[in-house]
Structure formats: structure tokens, C-alpha cells
Amino acid sequence: MESNRRVPLWAAALIGLVSGAVAVGVSLLVAGLVKASAFPVVAVGNAAVDLTPAALKDFAIRTFGENDKTVLLTGIFLVLAVIAAAVGVLAVRDIRYGLAGLAAFGVVGVLAVLTRPGAAAVDVVPTVAGVAAAMFALHRLVARALAPETGPREAGPYDAGPHGGRVAVGGGGEERNGGGSAGGGGGEERYGAPVPPVMRAGNGPYPFDRRRLLIGTLGGVAVAGVAGLAGRMLSSRAEVAAARVGMALPRPAVPAAPLPAGVDLRIRGLSPFVTPNHDFYRVDTALVVPQVDPRSWTLRIHGMVDRPVELTFADLMKRPLEEADITLCCVSNEVGGPYVGNARWLGTSLAGVLRDAGVRKGADMLLSTSADGWTCGTPVDVVLDGRDALLAFGMNGEALPVEHGFPVRQVVPGLYGYVSATKWVTDIKVTRFDRDEAYWTPKGWSAMGPVKTQSRIDLPRDGARVAPGRTVIAGVAWAQHKGVEAVEVRIDRGQWRQARLAVAPTADTWRQWVVDDWDATPGSHTIEVRATDATGYTQTPDLAPVAPDGATGWHTVSVDVA
Ligand SMILES: Nc1nc2c(c(=O)[nH]1)N[C@H]1C(S)=C(S)[C@@H](COP(=O)(O)O)O[C@H]1N2
Ligand SMILES: [Mo]
């Protein structure tokens, strides 16, 4: 490309800056994709720190103190921006100069990455990809600023309108504007009168086309932004996953007793007593699972307390730890639905943490907030009444799965999840129900959400075909923190018969049940179930929808015996 002095300096600098942004965005994305540890900008920064004379380093640390990292990164980005702008200026003089500048820059980046301790070959991939993308962007943007998109016979630079509006006539490089380009309006006047077609068909310099360049830079910025954000998301995901896998769970001071024999009837098709983590239902409002690094996680407890505190993950681990089997269920579980599961949770007492902070008189609500801003309102008296309300970080012997709230969530037996089980919890405000409202409350759900006693038939499945003869009917029932006392089943609205109950270690878990003496006769049958909890309450057939505070009714299945 020939020298062209008609591209103003600002535009040349802009071309360079946008190309630089594309380099950063694409290298972030690629770093996330190939799980490279070194993001080139940081590697260059670290190399710069290593090369800085000690005296200057000391000066910087003294002067900027805690902020020295931020100052350093800001400085690196400023230097990068100046270099990028210079590359743009070179590129509009001659694209080869610009490309060479980027290549030189890439070599510095690769060297910086490779000289980092523990660097692997894969770590250069983001730098190389970023520089390649920047070269492409630079080339395209210079072309947009100066030349027709795909050669002289296509769009002329004076025509800011859509390409569809342009008609090339004949083979002699003649073209004329179609109606569509008129849409550009008088704005095109600023480019001056069209030069004769003959001149545009040649290889001569094209006048600067501001509009085409700006559209191109918007595209470049969009690519850089989307790639950068996606890359950041991918790498924080990888980092949090690594932190989770590397986490050693401490032994609790108060371990839960080993599960008694007989908690699990071991019937195929019946929900196991302990729900494996990968089968545990998931309900939350998060479109993308929040990635919270335990090393930077903190939990703030404030509001109506005597001593507001902020706990780190290490602080939490130093507290007395306990383990508890707790069945969690969702208020939006339909009768017979799947949103219920049982796990062994490991954590520290939420009541203990609150007592240390000193809950003030008059407070009746904990407004907890997750890393992604979801909020939950939990009654203070319930949390303080001695039940195993936990700030949990372990689930069935592993660190909490990320989608179940890693690194820390609340679990409170006896309350539906939406009023108790905040995942990725980072903030607890001690407050009052008449002053604060949690996420679901204004959306038609009750502020209070005690779990309703429920039972579910797992076997046989609704609509199943079963062979005549002895048929096992089995399921689970739950009444957290009250306990399930009895389960009854009836067939075709006949006599209720008592189910045999599995052992339940505490009142906070569900309980398996089985009826194994049903002699199924050919034909269609309906099977109904109802549970009675330890307060003496028996489920009624009254149907209630899930909103505002949980479904009621008897789970009923129909089967064909043939
Ligand atoms: N941060 C956050 N925590 C949340 C929710 C949410 O939307 N966001 N949903 C709650 C609801 S409604 C339920 S039922 C439980 C479900 O927990 P699980 O997904 O681990 O089963 O999480 C609770 N905790
Ligand atoms: Mo829920």
C-alpha cells in the first residue's frame, strides 16, 4: 500500500488502538480456551518488574503501596496503547511497517511469556493468536480507511451506503451509484465530489473514508470485548474448578454419626438415601454459574449486630466445624416432583457466627446475598433455635460443587431453599422483615417458607406397565426438622395400608418407605400416598399450587397391570 497522508493522525492512532484491543481480547479468549497460565500482558508486566532496577521498584512500592500492582498494570496498558497507536500511524504509511511492528511486539511477548518460571510451550499460544488477530484487524482497518473493500471495481470509498446499492456497469472499471447509496444522504458531501471512475479503478491512493473506518473500528471493538469477556469467564471457571479440586476438607469437630444401617432400603428405582452430588437437583436464577474463588471470598455480617465482621474462607475453616444430614427441597416442587435431595453437609454453625456478631434485639430476618446478587430472607429465630443451620462448604465428602454454591452456601433444615439455602453467599445483613425484602417475595412468593410435609411415590413410575403379582411400591417422605412418623398407601381408593419405614438418622432428612405386599391384578390402578409427621399432622388431599408457599396434595400414580 502506498503512502497516504490523507488519513488523519487520530484515525491512524485509532486503527492501531483497535488492533491492539483485538490482540488483548483474542489472547484472553485463547488463554481461556487452551488453559494457558500466562496472559501475555501480565507476563510482560512481570518481566518488566524483573528488569526494573531494585531502587525504582522500592520507590514504586513505597509510593504506591498496596496499589503498586494496579499502578503497574495501568502503566503497562498505557505503554501498550502508545505502541499500538504508533503501529497504526506506521500502518497507514505502509501496511508492512505496521505488520512488522506487531510482529516485533509479538516476539517481545513470546519471550516474556517463555521466561516466566514454569512456562510451558502452550503459554505462547495466546500471544501468537492475539498478534495474528491484531495483524488481521490492522490490515482490514487500513483497507477500510483507504481502499474499496474487495478491489477497485467494487464499492468506491465515496459511497457510504450499503453495497447493495452499487451497480458496476461494463468491464472497463466503470461504475455508478445505484439508488441505495442515496440513503447516505448529504453526509457524503464531506468527502468531496466523486473522482472520475478511471482514477478509482487504478491503484492510486484513495481518500480517507471516515465512515467505513468507524464502522470497522466498531466491529473490532465488539470482537475484542466479546472475546475478552468470554476469555475471562473461561479462565475464572478453570481457576475456580482448580481451587475446588485442590481443596482438602478438614475433619469436623462434631462429625455426623455414620449413617445407621437401614437408612437405605436399596431398592432399584427408589431414590437413594444420599443423593449423589451429580444427581442433586439444581434451582437458581444464575444464567452462568457464579465463579467464586475461595482465596478472595469473604462473608460480611452486618446490620443489626453489635460487632460487624468480615470472614475469609480461612477464618471459616478455623471455626468449629460440624457435619449434618439435611434434606433440601424447593418450594416450586410440584407434588411428586424432583426438586428434593438429601446430602451430608460439612460447615460451621451459622448461629455461632451470628452469636459472635451479636444479633440485636428486634432483628427477625437474615437477608443473605449471593455473589451474583440474589437475595434470601431467613427468620432469625429459626436459625438460632438450635437446629443445624450451616454455612456449608462440603457436600457428601467433597467441596461444594460450583453449581451448588462453591465455596460457601447456607443450609437450614426445615425451610425451603428460597428462604434459606443461599449459594455463593457473600453477605448477611441482620435486619427485619418489615424493612427488607428478598428476591422472590415481591414476585408472589411468601416471605416465610417452612417446608410442608410431603411424600412421593418413586416406584412404580406413573404410567408404568407392570406385570401382575407381587409389586413393590416405594418412595420417600420428608418433614424436615419435624420427622416423618408414618407413611400410608392406598390402591384404588381402598383401605390405607401402612408402609414400612426405613431408618432416619435425624428428623432433618427424608425417609424411604416401602409397601412390598401388593398383589397387582390385571387392569388400571391408582396408587396414592400420604405421610404423617412427628407433630401428628397427616397430609390432606387438598391441592395447593407451588406458589406462594409450597404445593400440597397426595402424590398419585396410575399403572397398567398386564
Ligand atoms: N445464589 C442463589 N442461591 C440460591 C438460589 C438462587 O437462585 N441463587 N435458589 C435457592 C433455591 S430456590 C433453592 S430450592 C436452592 C437449591 O439449591 P441446589 O441448587 O443446590 O439444589 O438454592 C437456593 N439458593
Ligand atoms: Mo427453590
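Procedures and definitions
- Residues numbered from 1 in each chain as written.
- Chains lettered and ligands numbered in written order.
- Predicted model: local features only at pLDDT ≥ 70, side-chain atom pairs only at ≥ 80, totals over all residues.
- Heavy atoms only, no water.
- pLDDT = per-residue confidence, 0-100.
- Contact = heavy atoms within 4.5 Å.
- Helix = DSSP H or I, 4+ residues; strand = E, 2+ residues; numbered from the N terminus.
- Expected span 1.5 Å × (residues − 1).
- Buried < 20%, exposed > 50% of the residue type's maximum accessible area, 1.4 Å probe, protein only.
- Arc of directions from axis to C-beta.
- Polar contact = N/O pair within 3.5 Å; in protein donor to acceptor, adjacent residues only side chain to side chain.
- Salt bridge = Lys/Arg side-chain N within 4 Å of Asp/Glu carboxyl O.
- Phe/Tyr/Trp six-rings, centres within 6.5 Å; stacked < 30°, edge-to-face > 60°.
- Lys NZ or Arg CZ within 6 Å of the ring centre and 35° of its normal.
- Pairing = 2+ DSSP bridges.
- Axes fitted to C-alpha atoms, helices over the stretch in contact; angles between N-to-C directions.
- Near = heavy atom within 4 Å.
- Areas by Shrake-Rupley, 256 points an atom, 1.4 Å probe, with all protein chains shown as cover.

A. Fine view of the confidence of the model for the chain. Summary statistics for the chain give a mean pLDDT of 86 and a share of 85% for residues scoring 70 or more. Contacts of residues 149-204 to residues separated by more than four positions or lying in other chains number 76 contacts, the stretch itself having pLDDT below 50.

B. Structural context of helix α5 (residues 95-114). Under the 1.5 Å per step criterion, the end-to-end length of α5 is 29 Å for 20 residues, consistent within 8% with the ideal 28 Å. Here α5 has its buried residues at I95, G98, L102, G106, G109, A112 and V113. Buried residues of α5 fall within an arc of 125° about the axis and therefore sit on the same side. With respect to the buried face of α5, the exposed residues turned more than 90 degrees away are R96 and L111.

C. Structural detail: the side chain of Q410. Position of Q410 among the secondary structure elements: in strand β11 (residues 409-411). Side-chain polar atoms of Q410 contact the backbone oxygen of S420, separated by 2.8 Å. Residues contacting Q410, with those up to four places away along its chain left out, are L350, S368, T378, L390, L391, S420, A421, T422, V425 and I428.

D. Geometry of the pattern of salt bridges. Within this structure, the stated rule accounts for 19 salt bridges. Ionic pairing is found between D516 and R500, a salt bridge with its closest N-O pair at 3.5 Å. Separated by 16 residues along the polypeptide, D516 in strand β19 (residues 511-520) and R500 in strand β18 (residues 500-501) bring together distant segments of the chain. Residue classification places D516 among the partly exposed positions, given a relative accessible area of 38%.

E. Up close: the packing of aromatic side chains. Taken as a whole and judged by the stated rule, the model has 11 aromatic pairs. Here Y439 and W440 contribute two aromatic rings whose centre-to-centre distance is 4.9 Å and whose plane-to-plane angle is 85°, an arrangement assigned as edge-to-face. The exposure class of W440 is partly exposed, given its relative accessible area of 28%. Geometrically, the ring pair formed by W496 and W554 is edge-to-face, given 5.0 Å between the ring centres and 80° between the ring planes. Highlighted residues: W496 in the loop between β16 (484-491) and β17 (497-498) and W554 in the loop between β20 (523-533) and β21 (556-561), separated in sequence by 58 residues. Judged by relative accessible area, which is 15%, W554 ranks as buried. Joined through ring pairs, the aromatic side chains of F280, Y281, Y339 and W345 make up one cluster. Note that K443 overlies the ring of Y439, its terminal NZ or CZ placed 4.0 Å from the centroid.

F. A look at the sheet that holds strand β12 (residues 425-431). Pairing is mixed in the open sheet, where five strands are placed in the order β4-β3-β12-β7-β8. Each of the sheet's edge strands pairs with one partner strand only, and the pair in question is β4 (309-312) and β8 (375-379). When strand polarity is set aside, the average angle formed by the axes of neighbouring strands in this sheet is 20°. Examined bridge by bridge, strand β3 (residues 298-303) and β4 share four bridges and lie antiparallel to one another. When the sheet's bridge partners are listed, L299 is paired in β4 with L311.

G. Expanded view of the site of ligand 1. Around ligand 1, the structure places 19 residues, and the nearest of them are Y281, T285, H404, R409 and K423. A distance of 3.4 Å is found between an oxygen atom of ligand 1 and a side-chain nitrogen or oxygen belonging to W374. Interatomic distance of 2.7 Å between a side-chain N/O atom of R409 and an oxygen atom of ligand 1. For ligand 1, whose free accessible area comes to 530 Å², the fraction covered by protein is 98%.

H. Main features of the environment of R144. Within the element layout of this structure, R144 appears in helix α6 (residues 125-146). Overall, the relative accessible area of 15% leaves R144 in the buried class. Sequence spacing of R144 and F208 is 64 residues, and the spatial spacing of their C-alpha atoms is 8.8 Å. From its side chain, R144 meets the backbone oxygen of R212 in a polar contact 2.8 Å long.

I. Region of interest: the environment of G16. Here G16 is to be found in helix α1 (residues 9-34). For the pair G16 and V92, spaced 76 residues apart in the sequence, the C-alpha separation amounts to 9.6 Å.

J. Fine view of the sheet that holds β21. Spatial ordering of the open sheet is given by β14-β21-β20-β16-β17, a layout of five strands whose pairing is mixed. Edge positions in the open sheet fall to β14 (465-466) and β17, since each of these has one partner strand only. Of the pairings in the sheet, the one linking β14 to β21 comprises two bridges and is parallel in character. From the neighbouring strand, V466 faces β21, where its bridge partner is V561.

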